[in-house]
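So the chains spell out like this:
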Amino acid sequence: MIEHSSASNSAAPADLRPIRRALLSVTDKTGLVDFARALASFNVDLVSTGGTARALREAGLPVRDISDLTGFPEMLDGRVKTLHPKVHGGILHIRDNAEHQASVKEHAIEPIDMVVVNLYAFEKTSQKPGVAFADVIENIDIGGPSMVRSAAKNFGDVAIVTSAGDYGSLTEELKANGGSLSRATRWRLAKQAFAVTAAYDAGIATALESIEEPGGAAVFSTELPQVIRIIEPLEKTLRYGENPHQKAALYVDGSGKGVAGAKQLQGKELSYNNIVDLDACWELVSEFDETAVAIIKHTNPCGASTGSTVLEAYKRALEADPVSAFGGVIGINREVDAEAAEEIAKLFVEAIVAPSFTPEALERFAVKKNLRLVQITPADTPRMLKQVSGGLLVQDADRLRVTEAELKMVTERKPTAEELRALLFAWSICKYVKSNAIVYARFADGHGQTVGIGAGQMSRVDAARFGAMKAVLPLAGTVAASDAFFPFADGLETVAKAGATAVIQPGGSVRDAEVIEAANRLGVAMAFTGVRHFRHG
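The name an unreviewed UniProt entry assigns to the protein is Bifunctional purine biosynthesis protein PurH, from the organism Edaphobacter paludis. Taken from UniProt, the Sequence similarities (unreviewed entry) comment for the protein reads in full: "Belongs to the PurH family."

S.K.: Explain the environment of A59 to me, using residue names and the numbers behind them.
M.R.: Mapped onto the elements, A59 comes out in the loop between helix 3 (50–58) and strand 4 (64–65). Taking C-alpha positions, A59 is 50 Å from L284, a pair spaced 225 residues apart along the chain. Once you skip the residues sitting within four places of it in the chain, A59 turns out to touch V33 and R37.

S.K.: Which residues make up the packing of aromatic side chains, and what values go with them?
M.R.: Scanning the entire structure with this criterion turns up 5 aromatic pairs. Ring centres of F155 and W187 lie 4.8 Å apart, and the angle between their planes is 45°; on these two criteria the pair is classed as tilted. Linking F155 in the loop between helix 9 (143–153) and strand 6 (159–161) with W187 in helix 11 (residues 183–210), this pair joins segments that are 32 residues apart in sequence. Classification of W187 by relative accessible area gives partly exposed; the value is 43%.

S.K.: Give me the side chain of E287: which residues, what numbers.
M.R.: On the secondary structure map, E287 appears in the loop between helix 12 (272–286) and strand 11 (292–297). Given a relative accessible area of 8%, E287 falls into the buried group. Setting aside anything within four residues of it in sequence, one finds E287 in contact with R401, S428, K431 and Y432.

S.K.: Residues and numbers for the pairing of strand 17 (residues 391–396), please.
M.R.: Taken together, the 6 bridges between strand 16 (residues 383–388) and strand 17 define a ladder with antiparallel strand orientation. Note that in strand 17 the partner of M384 across the bridge is Q395. The turn joining strand 16 and strand 17, which pair antiparallel and follow one another in sequence, is formed by 2 residues; a positive phi near 90° is taken by G390.

S.K.: I'd love a proper account of the pattern of salt bridges, names of residues and values included.
M.R.: This model, assessed by the stated rule, comprises 24 salt bridges. Among the ionic pairs, E283 bridges to R535, the shortest N-O distance being 3.6 Å. Of the two residues, E283 is situated in helix 12 and R535 in the segment after strand 23 (525–528); the sequence distance between them amounts to 252 residues. Linking E287 and K431 is a salt bridge whose minimum nitrogen-to-oxygen distance equals 3.2 Å. Placement of the pair is E287 in the loop between helix 12 and strand 11 and K431 in the loop between helix 17 (417–430) and strand 19 (438–444), with a sequence separation of 144 residues. Judged by its relative accessible area of 3%, K431 is buried. Look at the salt bridges and you will find they share partners, linking R21, D45, R64 and E110 into a network.

S.K.: Requested: an account of unusual backbone geometry, with residues and values cited.
M.R.: Of the consecutive residues S435 and N436, the connecting peptide bond is found in the cis state with omega at -10°. Position of N436 among the secondary structure elements: in the loop between helix 17 and strand 19. In this structure, T299 is a non-glycine residue whose phi angle is positive, near 70°. Inspection of the secondary structure assignment puts T299 in the loop between strand 11 and strand 12 (300–306).

S.K.: Summarise the sheet that holds strand 6; cite the residues concerned and give the values.
M.R.: Sheet strands associate in pairs through backbone hydrogen bonding, adopting either a parallel or an antiparallel arrangement. In spatial order, the strands read 4-3-2-5-6; together these 5 strands make up an open sheet with parallel pairing. The sheet is open, and its two edges are formed by strand 4 and strand 6, each paired on a single side. For strand 5 (residues 114–118) and strand 6, the ladder comprises 3 bridges, and the chain directions are parallel. Its bridge partner being in strand 6, V115 is matched across the sheet by I160. In the packing of helix 2 (residues 32–40) onto the sheet, the strands contacted are strand 2 (21–26), strand 3 (45–48) and strand 5, and the crossing angle to strand 2 comes to about 170°.

S.K.: Could you give me a rundown of the nonpolar core, with the residues and numbers involved?
M.R.: By size, the foremost hydrophobic cluster in this structure holds 47 residues, and its most contacted members are L278 and I429. If you tally residues by element for this core, the top one is helix 17, at 8 residues. Residues in contact with I429, not counting those within four places in the same chain, are L284, F288, P301, A304, V439 and T450. Within the second largest apolar cluster, 44 residues are counted, among which are V26, V44, L181 and Y200.

S.K.: An account of the pairing of strand 9 (residues 248–251) is needed here, citing residue identities and associated values.
M.R.: Residues A248 and L250 point to one face of strand 9 and are all buried, whereas A249 and Y251, pointing to the other face, are not buried. Sheet analysis places strand 8 (residues 234–238) next to strand 9, joined by 4 bridges and oriented antiparallel. Of the residues in strand 9, the one forming a bridge with K236 is L250.

S.K.: Could you give an account of the packing of helix 2 against helix 10 (residues 167–176), with specific residues and numbers?
M.R.: Direction vectors running N to C along helix 2 and helix 10 enclose 10°, while the axes themselves pass 10 Å from each other. Accordingly, the angle class assigned to the pair helix 2 and helix 10 is roughly parallel. Across from L32, F35, A38 and L39 in helix 2, the residues of helix 10 making contact are Y167, L170, T171 and L174. In terms of residue class, the contact of helix 2 with helix 10 is built from 7 nonpolar, 1 polar and no charged.

Quick notes on the rules
- Counting restarts for each chain: residues are numbered from 1 in the order of the written sequence.
- Predicted model: local features are reported for residues with pLDDT of at least 70 only, side-chain atom pairs are reported and counted for 80 or more only, and whole-chain, interface and lining totals are derived from all residues.
- Computation of side-chain values: all heavy atoms of the structure, hydrogens and water removed.
- UniProt positions are given in the numbering used here, feature names are shortened, and annotations may be inferred rather than shown by experiment.
- Every helix listed is a DSSP run of H or I at least four residues long, and every strand listed is a run of E at least two residues long, numbered separately from the N terminus.
- The contact rule is simple, with two residues in contact once any of their heavy atoms fall within 4.5 Å.
- Ring geometry is summarised as follows: Phe, Tyr and Trp rings, the Trp one being its six-membered ring, pair when their centres sit within 6.5 Å, and such pairs are stacked at plane angles under 30 degrees, edge-to-face over 60 and tilted between the two.
- Categorising residues by exposure relies on relative accessible area from a 1.4 Å probe, with only protein chains included: less than 20% of the type maximum marks a residue as buried, more than 50% marks it as exposed, and the intermediate range marks it as partly exposed.
- Criterion used throughout: strands pair if DSSP finds at least two bridges between them.
- When a carboxyl oxygen of Asp or Glu is within 4 Å of a side-chain nitrogen of Lys or Arg, the pair counts as a salt bridge.
- Structural elements are reduced to axes, namely lines fitted to C-alpha atoms, with helices fitted over the stretch in contact, and the angle between N-to-C directions of any two is expressed from 0 to 180 degrees.
- As used in this record, nonpolar core signifies buried Ala, Val, Leu, Ile, Met, Phe, Trp, Tyr and Cys residues forming a set joined through side-chain atoms within 4.5 Å.
- These descriptions rest on fixed angle ranges, namely under 35 degrees for roughly parallel, over 145 for roughly antiparallel, 65 to 115 for roughly perpendicular, and the rest for oblique.
- Under the scheme applied here, ten amino acids are nonpolar (Ala, Val, Leu, Ile, Met, Phe, Trp, Tyr, Cys and Pro), four are charged (Asp, Glu, Lys and Arg), and all others, including Gly, are polar.

As structure tokens, this is what we get:
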């Protein structure tokens, strides 16, 4: 047993606990050496395992192997190294309990005052394409979570460090307190530690539950899980929710992807509504392989277009409804360049989301200090969750795309090549408009453009009328998309009267024949998708 005589560790107020021995075993070695060096400066005895010990020795730090502490070698390819009474007894014994002290003395158990552990990267490994089932299992950390839980349970005497992000503040506190940590800090670390092990176990349970059966490569099921486990840490508290009287916060999954994990480059703090709208417009523009821009207000597009360049797509999206675009958010699925930035900066918008911005574009936007610029890494979100009173609704994300070959032409007149391209464009937009939804669009100069959008109406006929009423551009020669079937011919007649010459809709109504008859009578081409795209929120 190693004793310490450092004056800085010899006495401390009741609230403080000196750190005399630390056990370090980490997968993520970010900042490890600097933190270990800070501990060593207080004569802390460093004990470590495997690769962690090797990293510390290479940095010139004195470190003892875990086998020196336990008197037992690491074995079974590292599966057993810290699962030992000398480890858990050293962590779990209560320092002010006379019986505990007698037991550890009898068995020559050395106290461990700090445990520095982060866990095997199970989720990262399990999500690798084609990952072997054996690798999934081998990356289930056993010793790490056991030490984390032991140290967190005994926070009264032991500090548990699970995040490299805490190294800096802990170093400062150790310096301020002569090598000791306060009870408040140990309690904070303990709560954080239990959250880490809870999330880790939830990730394992979720992944294993989705594997159909063990074998060579892990085969993951597409069925909905038997249990939904949501453990996502608080990223930040927002100023308020949808309205000022509502509290709100953002929680993240840790992937660094999607709107929740996006990087804000400039501007005011994002609001709850900004985040919701940014997510809506990013989803919409992600629907397109070609350059696309969408301008969103209250989660509904007021204008959307594709183009040869970001500038062209933006101008066409704005042209569709310049009044509603004021104060909206913009989604762009390409890097934003200086030319586009110059034009966008003329309009007051709340936020812009894109995968990247050129340095020149950032210079153009810098003059608009309140404009929020958000750089996003695309995220794969296979399922959507919605809270309802007493539970959650879960569904697969609506990623289904309809191709030309899948359309069923049901009218005497078939759509022209230009109408067909406009119909597919309108159908893609309609998918992201609140139901009931009607989208008027056109295809010109090789690209699609919305002309009028009727969103969130209780009646499909009203959606058709509202979309026409919202149109700024001419409706004559446009096409119309309906997110669900026309239950009566009146909806079809309304879009035809507005100027639409072709319609795309799911079909499937008991009155399809009446609707088709009306289209034939009016000379309107109509295609059935066989797919509905309701969007309730």
